[in-house]
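The residues making up each chain are set out below.
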There are 2 protein chains.
Amino acid sequence: MEFVDQAEAARAASIELATLTRDAKDAALQSMADAVAAAEADLLAANAVDVQAARDAGTDESIVDRLALTPARIAGMVQGLRDLAALPDPIGDAVRGWRLGNGVRVTQVRVPFGVVGIIYEARPNVTADAAGICLKSGNAALLRGSSSALITNRVTVAALRRGLEAAGITPDAVHLVEGGREITGDMMRARGLVDVLIPRGGAGLIRTVVEGSTVPVIETGTGNCHLYVDAAADLDQAVAILLNAKVQRPSVCNAAETLLVHRDVAEAFLPRALAALAGAGVTVHGDDATRVFSDDVVAATATEYDEEYLSLDLAAKVVGSLEEAMDHIRRHTTGHSETIITRDRDVADRFVAGIDAAAVLVNASSRFVDGGEFGFGAEIGISTQKLHARGPMGLVEMTSSKYVIEGDGQVRA
Amino acid sequence: MEFVDQAEAARAASIELATLTRDAKDAALQSMADAVAAAEADLLAANAVDVQAARDAGTDESIVDRLALTPARIAGMVQGLRDLAALPDPIGDAVRGWRLGNGVRVTQVRVPFGVVGIIYEARPNVTADAAGICLKSGNAALLRGSSSALITNRVTVAALRRGLEAAGITPDAVHLVEGGREITGDMMRARGLVDVLIPRGGAGLIRTVVEGSTVPVIETGTGNCHLYVDAAADLDQAVAILLNAKVQRPSVCNAAETLLVHRDVAEAFLPRALAALAGAGVTVHGDDATRVFSDDVVAATATEYDEEYLSLDLAAKVVGSLEEAMDHIRRHTTGHSETIITRDRDVADRFVAGIDAAAVLVNASSRFVDGGEFGFGAEIGISTQKLHARGPMGLVEMTSSKYVIEGDGQVRA
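Residues numbered from 1 in each chain as written. Chains lettered and ligands numbered in written order. Predicted model: local features only at pLDDT ≥ 70, side-chain atom pairs only at ≥ 80, totals over all residues. Heavy atoms only, no water.

Undergrad: Which parts of the structure should I look at to understand the overall build of chain A?
TA: When you go through chain A residue by residue, the secondary structure sums to 15 helices and 16 strands. Its C-alpha atoms give chain A a radius of gyration of 24 Å, within 12% of the compact-globule value 22 Å for 413 residues. When the accessible surface of chain A is summed, it comes to about 15100 Å², and 50% of that surface belongs to carbon and sulfur atoms. The averaged location of the 56 negative side-chain charges in chain A is 5 Å from the averaged location of its 38 positive side-chain charges. (Helix = DSSP H or I, 4+ residues; strand = E, 2+ residues; numbered from the N terminus. Rg over C-alpha atoms; globule rule 2.2 N^0.38 Å. Areas by Shrake-Rupley, 256 points an atom, 1.4 Å probe, with all protein chains shown as cover. Lys, Arg positive; Asp, Glu negative; His and termini not counted. Charge placed at Lys NZ, Arg CZ, Asp CG, Glu CD.)

Undergrad: I keep staring at the pairing of strand S9 (residues 283–286) of chain B and nothing clicks. Help me out?
TA: Walk down a regular strand and you will see the side chains alternate between the two sheet faces. Residues and elements named next belong to chain B. With four bridges connecting them, S9 and strand S11 (residues 313–319) associate as parallel partners. Pairing of Val284 across the sheet is with Leu314, part of S11. The pairing of S9 with strand S10 (residues 298–299) spans two bridges and is classified as parallel. The residue bridging His285 from the neighbouring strand is Val298, located in S10. (Pairing = 2+ DSSP bridges.)

Undergrad: Would you explain the domain arrangement of chain A in this entry?
TA: Where the parts come together, the accessible area they lose is often given as the size of the interface. Residue and element names in this part refer to chain A. For chain A, the domain assignment lists domain 1 (3–220 + 380–406) and domain 2 (225–372). Placing a centre on the C-alpha atoms of domain 1 and another on those of domain 2 gives a separation of 34 Å. Carbon and sulfur atoms make up 56% of the area that domain 1 and domain 2 hide from each other, which totals about 670 Å². Two residues, Asp356 and Arg390, come together in a salt bridge whose shortest N-O distance is 2.9 Å. For the side of domain 1 that touches domain 2, the elements supplying multiple residues, two or more each, are strand S14 (381–383) and strand S15 (391–393). (Domains from an automatic or database assignment. Buried area = accessible area lost by both parts, 1.4 Å probe. Salt bridge = Lys/Arg side-chain N within 4 Å of Asp/Glu carboxyl O.)

Undergrad: Help me out: how do you make sense of the interface of chain A and chain B in this one?
TA: Between chain A and chain B, the contact holds 71 residues from the first and 71 residues from the second. When the two sides are added together, the surface that chain A and chain B hide from each other amounts to roughly 5900 Å², 54% of it contributed by carbon and sulfur. Summed over the shared surface of chain A and chain B, the number is twelve salt bridges. The salt bridge partner of A:Lys386 is B:Asp195, with a shortest N-O separation of 3.0 Å. On the surface where chain A and chain B come into contact, there are 45 residue pairs in polar contact (both at pLDDT 80 or more). With eleven residues, strand S16 (residues 399–410) of chain A is the single largest residue contributor to the side of chain A that touches chain B. (Contact = heavy atoms within 4.5 Å. Polar contact = N/O pair within 3.5 Å; in protein donor to acceptor, adjacent residues only side chain to side chain.)

Undergrad: For this particular structure, what's the right way to read helix H7 (residues 150–166) of chain B?
TA: Residues spaced three or four apart along an α-helix point in a common direction, a consequence of the helix completing one turn every 3.6 residues. All names here are of chain B. Between its first and last C-alpha atoms H7 spans 24 Å; for 17 residues at 1.5 Å apiece the expected length is 24 Å, and the two agree. Of all the positions in H7, only Thr152, Asn153, Thr156, Val157, Ala159, Leu160, Gly163 and Leu164 are classed as buried. An end-on view of H7 places all buried positions within 160 degrees of arc, on one side of the element. In H7, the exposed residues that point more than 90 degrees away from the buried face are Glu165 and Ala166. Looking at the residues trailing H7, positive phi occurs at Gly168, about 80 degrees. (Expected span 1.5 Å × (residues − 1). Buried < 20%, exposed > 50% of the residue type's maximum accessible area, 1.4 Å probe, protein only. Arc of directions from axis to C-beta.)

Given below as structure tokens:
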């Protein structure tokens, strides 16, 4: 099907989806889960074709690993859909309401966006996750996966659509958008057909979508996260939080990328921290003041403070004051998650007030900035923009609202 | 000052603005009001230059009227700033908060966007209104007014900046962006310097900004609003609401533009409605089924159902069913305000659920879809997009949020 036909079918489906009850949506999610589970053999066979093609093309094994499905990963997709059925339905919730002086009743009610476009990279589990989140939030989904996962995604989407049909819901709620790069452009310019675009992937993909799209975009995911160890830090806490934020899962957006240390505690903190980091396999890229404390610290280049490593690497810098730390963060932040370690209440307050990011943390690991950790139950991504949603996006963040205004003949004076 | 220098100064100011107390902002608003009041003579003199230039250029008198200041209009600008001081400050409000299982405290707090760009047409009162709304919501403002109001806007912004300085707040909180059309382009591409752009004006301006901007945009204002008179309508109410929605202020976005009438009540309703509309000076542009009832109804052209008249004109059409009415609205709506007149609860519910717009009204005039009528106290515009804010935008809609996460050393398992 051509993209425009898919988008129009999705828009038509969105009218039906907007009025579904929670029970109907939950039954559909269970049916989609059943269909994916039943397709396990087909999914593994299709995925083997994608994996082989990726290997033949010389793709890096870490990317091949993301692309690969296993029975356990398929079981995870199935469980993800079932877990969504257990979550509350945000649609129809009254956000607020009041009466005008003349008795007219105003209620702001949560409604779906309508049609959501998701552009994402190789992980095939995103296909089922995103389709499920969109369905539960009453949105039709246009899924634009990586071409490297195309054969897998076709089988997944076919199963999801069979599940929808078996539950008596139009399969046009979910579409796989196929075709060359120009189709991504068509999606980005489908104003009026697509209500919101969510890119999920690396910084390059996100930049392309943000700059080329006339459809409203929710930007997700890049996190050049800083951890500032203040002069009044509890240094035991600082070491533990630093290690957790850097090492627990270095490839994700809420992992620490830059360590800033107040010079008054550099001598007490850095030898311990650098030893602990080295023990965990982390390469530190530091300024001269950091390199004094260990021969293992390599010299940081000028651009290094601007980039996510997403690996066992960490930039480090000694600063003279809280203000210098905040100034550094302001110049290099991607607005994701910024952390201070301090026992000084006033310093913490100044950091929290003065740093502009989706999340500002005091004495806790930035790894908590996550929809699962927040208790959202599902997450479509972590927004780093200020419009609409900021931080982890769950089902509520996948909704818009409308005002329902009820009177009995009132007119404006 | 060059635009980029203004934007950087505004960004620097936004750090200060984000941490101001309500008292400091309210004192600044009063000081800005005092400064505008004190500048009355200068404002009138400057405005006379703009008005004369507009007349010399052959500008339509209705537009010259919008451009013209009077002592009463200046008093309105002054009072608008004072009224803002009386409104609650949304910044710092906790939207929601909870504790994680490990004791980490999560609080979602309202924060300013940072730097807001507003691109608007000739009304000079928008300059003071927008600056005041931005200041109260903790945002720095880049104001891009019409070149036809440039001399007036310069005097207004100079007064606003003097007011800020007198209150001890950086005048860089408010800037007038001058220069040719290319400057509007610079604003639209100032990602990272400008956090959100709000175009206020006609459909052409809004389309230009939406299509050309890489900065997130909040779309406001176009309202091709429908009023559907159902078979079960109270026809007295229908006539009164129709007249109010069309005639009370035809030039605004929440005025009715198209009347849809169920054919079962066409004969009982249309002769009365058409007579009342004619009595109010409204020209009706109807389909054949409407024209049966009055020789004064002119034939509607094919494109007429897609456009806002913003005048004493009204499109009209007879429909065979609720579904046909909803289908017509879906094809022609701008997503602003859509009204049904009916006593049938089930029909009302189907309309409310099935129509996707910022506001859906039952038995009330669409003229109520307004920040002032809603009790917001201030309005920057009426959003017709689904992302971030939908419907009238008050101070709360001029904010973002951030998560403040506080622990005592917790790390992720």
